[in-house]
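The residues making up each chain are set out below.
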Amino acid sequence: SFILASIPGLEAAQSWMAIPLCSAYILAVTGNGAVLLVVRGEPSLHAPMYFFLCMLATIDLALATATVPRILCFYWFGSREIGFGACLLQMFLIHALSAIESTVLLAMAVDRYVAICHPLRHAAVLTNAATAKIGLLAVARGVLFFLPLPLLLLPLPFCGSRVLSHSFCLHQDVMNLACANTTPSVVYGLTAILLVMGLDAVLICLSYILILKAVLRLAAWRERLKVFSTCVAHICAVLAFYVPLIGLSVVHRFGKDLAPLVHIIMGNVYVLVPAVLNPIIYGVRTKQIHRRIL
């Protein structure tokens, strides 16, 4: 088994520190659940854009549920140990769900590109059937790319420290505890991240460059702002996903001398910020959802 990270010197205060974490989790479940119920119950919202939003809400719920309840058990009941199999399963779920979310964000960027640059072809290109296929492709991509991560760690010996850097299991964190050659895991993990999250980020940026070019061709500034405002919610969702992801990667790569508190906070931000912010962003920016929730 592995030992989940605690904050040195603040062990007695962890039960109090769990309160904002639990509040954020409840907010995430309530917000994403509301989005799912609104889209399901409103026939006018049965369109690709809102189906992608439902996928995003489902992924955020699954990612938060895969991590936060276990963290709360640790903070409230002192259950620091996590079994090897449970740790590998949690690690796989975190990385696979993140890859699926990245793919859905890319699909939403393509949806915005087609809607703005080729509006007459939007209904023909992004049908409900095409949206369902994209969702299945996103799941298959996340599973196939990140299933090898736990399989590569399975045969490794762990004979030294068993204390993790976070309150949950991440690939790089677990891999660093192995007392054997981890080069295959390092190479495959980096390759998977670059081919999924890295490629998606590049394609999302390319989509918005093309969107910006199309918007700047419009004559009136008011019309430009009106068209581009349809992308604001998606841009915020992309930032809410990629900024914590990049921050956590930087902490892992260059933050070995940082205080343990920084690692724990960045890990919690990574799993909770998108889940909390996405329903707020889309609830505020999307009039149909905003009215229906009210």
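Residues numbered from 1 in each chain as written. Predicted model: local features only at pLDDT ≥ 70, side-chain atom pairs only at ≥ 80, totals over all residues. Heavy atoms only, no water.

Some thoughts on the overall build of the chain
- A tally of helices and strands in the chain yields twelve helices and two strands.
- Scanning the chain from its N terminus toward the C terminus, one meets helices and strands in the order β-α-α-β-α-α-α-α-α-α-α-α-α-α.
- The globule rule puts the C-alpha radius of gyration for 294 residues at 19 Å, and the 20 Å found for the chain is close to it.
- Dimensions of the chain, computed from C-alpha atoms along their principal axes, come out at roughly 65 × 40 × 35 Å.
- Here the chain holds 294 residues, and 47% of them are scored as buried.
- Here the analysis covers contacts within the chain between residues at least 6 apart in sequence; of these, 79% occur between residues at least 24 apart.
- Summing over all exposed atoms, the chain offers an accessible surface of approximately 14,500 Å²; the carbon and sulfur share of this is 72%. (Helix = DSSP H or I, 4+ residues; strand = E, 2+ residues; numbered from the N terminus. Rg over C-alpha atoms; globule rule 2.2 N^0.38 Å. Buried < 20%, exposed > 50% of the residue type's maximum accessible area, 1.4 Å probe, protein only. Contact = heavy atoms within 4.5 Å. Areas by Shrake-Rupley, 256 points an atom, 1.4 Å probe, with all protein chains shown as cover.)

Observations concerning empty space enclosed by the protein
- Using the criterion set out here, one finds one cavity of 30 Å³ or more in the structure.
- The computed volume of the largest cavity comes to approximately 30 Å³.
- Counting residues per element, the ones that place at least two in the lining of the largest cavity are helix H1 (14-41), helix H2 (48-77) and helix H11 (260-285).
- Element by element, the count of residues in the lining of the largest cavity is highest for H2, at four residues.
- Tallied by class, the residues present in the lining of the largest cavity amount to five nonpolar, two polar and one charged. (1 Å grid on protein atoms, 1.4 Å probe; cavity = no way out; pocket = protein on both sides within 12 Å on 5 of 7 lines; lining within 4 Å. Points joined across faces, edges and corners; volume = space filled by probe spheres on them. Nonpolar A, V, L, I, M, F, W, Y, C, P; charged D, E, K, R; others polar.)

A closer look at the packing of helix H3 (residues 84-117) against helix H5 (residues 128-146)
- At a minimum axis distance of 8 Å, the contact between H3 and H5 shows a crossing angle of 145°. Viewed along their axes, H3 and H5 form a crossing whose handedness is right-handed. Residues Phe92, His95, Ala96, Ala99, Ile100, Thr103, Val104 and Ala107 of H3 form the contact with H5, whose own contacting residues are Ile134, Ala138, Val139, Arg141, Gly142, Val143 and Phe146.
- In terms of residue class, the contact of H3 with H5 is made up of eleven nonpolar, three polar and one charged. (Axes fitted to C-alpha atoms, helices over the stretch in contact; angles between N-to-C directions. Left-handed = near helix turned anticlockwise from the far one by under 90°.)

Quick look at the nonpolar core
- With 82 residues, the main nonpolar core has Val104, Leu105, Leu164, Ile204, Tyr242 and Tyr282 as its most contacted residues.
- Here this core gets 15 residues from one element, more than from any other, and that element is H2.
- The contact partners of Tyr242, leaving out residues within four places of it in the chain, are Ser102, Leu105, Met197, Asp200, Ala201 and Ile204. (Core = buried A, V, L, I, M, F, W, Y, C linked by side-chain atoms within 4.5 Å.)

Re the UniProt feature "transmembrane region" (unreviewed entry) in the chain
- Under the present numbering, the feature "transmembrane region" (unreviewed entry) in UniProt falls on residues 16-38, 50-77, 83-110, 122-147, 186-211, 232-255 and 261-284.
- Structurally, residues 122-147 comprises 88% helix and 0% strand, and the distance from its first C-alpha atom to its last is 34 Å.
- Along residues 261-284 the backbone is 100% helical and 0% strand, and the end-to-end C-alpha distance reaches 32 Å. (UniProt positions renumbered as here; feature names shortened; annotations may be inferred.)

A few points about the packing of aromatic side chains
- Inspection of every chain in the model, using the stated rule, returns five aromatic pairs.
- Their ring planes at 90° and their centres at 4.9 Å tell us that Phe241 and Tyr242 sit as a pair that is edge-to-face. Here the two residues Phe241 and Tyr242 agree in accessibility, since each one is buried.
- Taken together, the ring pairs connect Phe2, Phe84 and Phe158 into an aromatic cluster.
- Of note, Arg224 hangs over the ring of Trp221, and the distance from its end group to the ring centre comes to 4.7 Å. (Phe/Tyr/Trp six-rings, centres within 6.5 Å; stacked < 30°, edge-to-face > 60°. Lys NZ or Arg CZ within 6 Å of the ring centre and 35° of its normal.)

Concerning the environment of His234
- Summarising the element assignment, His234 is placed in helix H10 (residues 232-254).
- You can call His234 buried: its relative accessible area is 3%.
- For the pair His234 and Ser167, spaced 67 residues apart in sequence, the C-alpha separation works out to 29 Å.
- Non-local contacts of His234, meaning those with residues more than four positions away in its chain, are made with Leu105, Met108, Ala109, Tyr208 and Tyr282.
- Only 2.8 Å separates the side chain of His234 from the backbone oxygen of Leu105, close enough to count as a polar contact.
- Looking at His234, its side chain comes within polar contact range of the side chain of Tyr208, at 2.6 Å. (Polar contact = N/O pair within 3.5 Å; in protein donor to acceptor, adjacent residues only side chain to side chain.)

What to know about the pattern of salt bridges
- One pass over the structure, following the stated rule, counts three salt bridges.
- One salt bridge connects Glu42 with Arg292, and the closest N-O pair in it is separated by 3.2 Å. Of this pair, Glu42 sits in the loop between H1 and H2 while Arg292 is found in helix H12 (residues 287-293), placing the two residues 250 residues apart along the sequence.
- The partner of Asp111 in a salt bridge is Arg112, and the shortest N-O contact between them spans 3.1 Å. Neither residue differs from the other here; Asp111 and Arg112 are each classed as buried. (Salt bridge = Lys/Arg side-chain N within 4 Å of Asp/Glu carboxyl O.)

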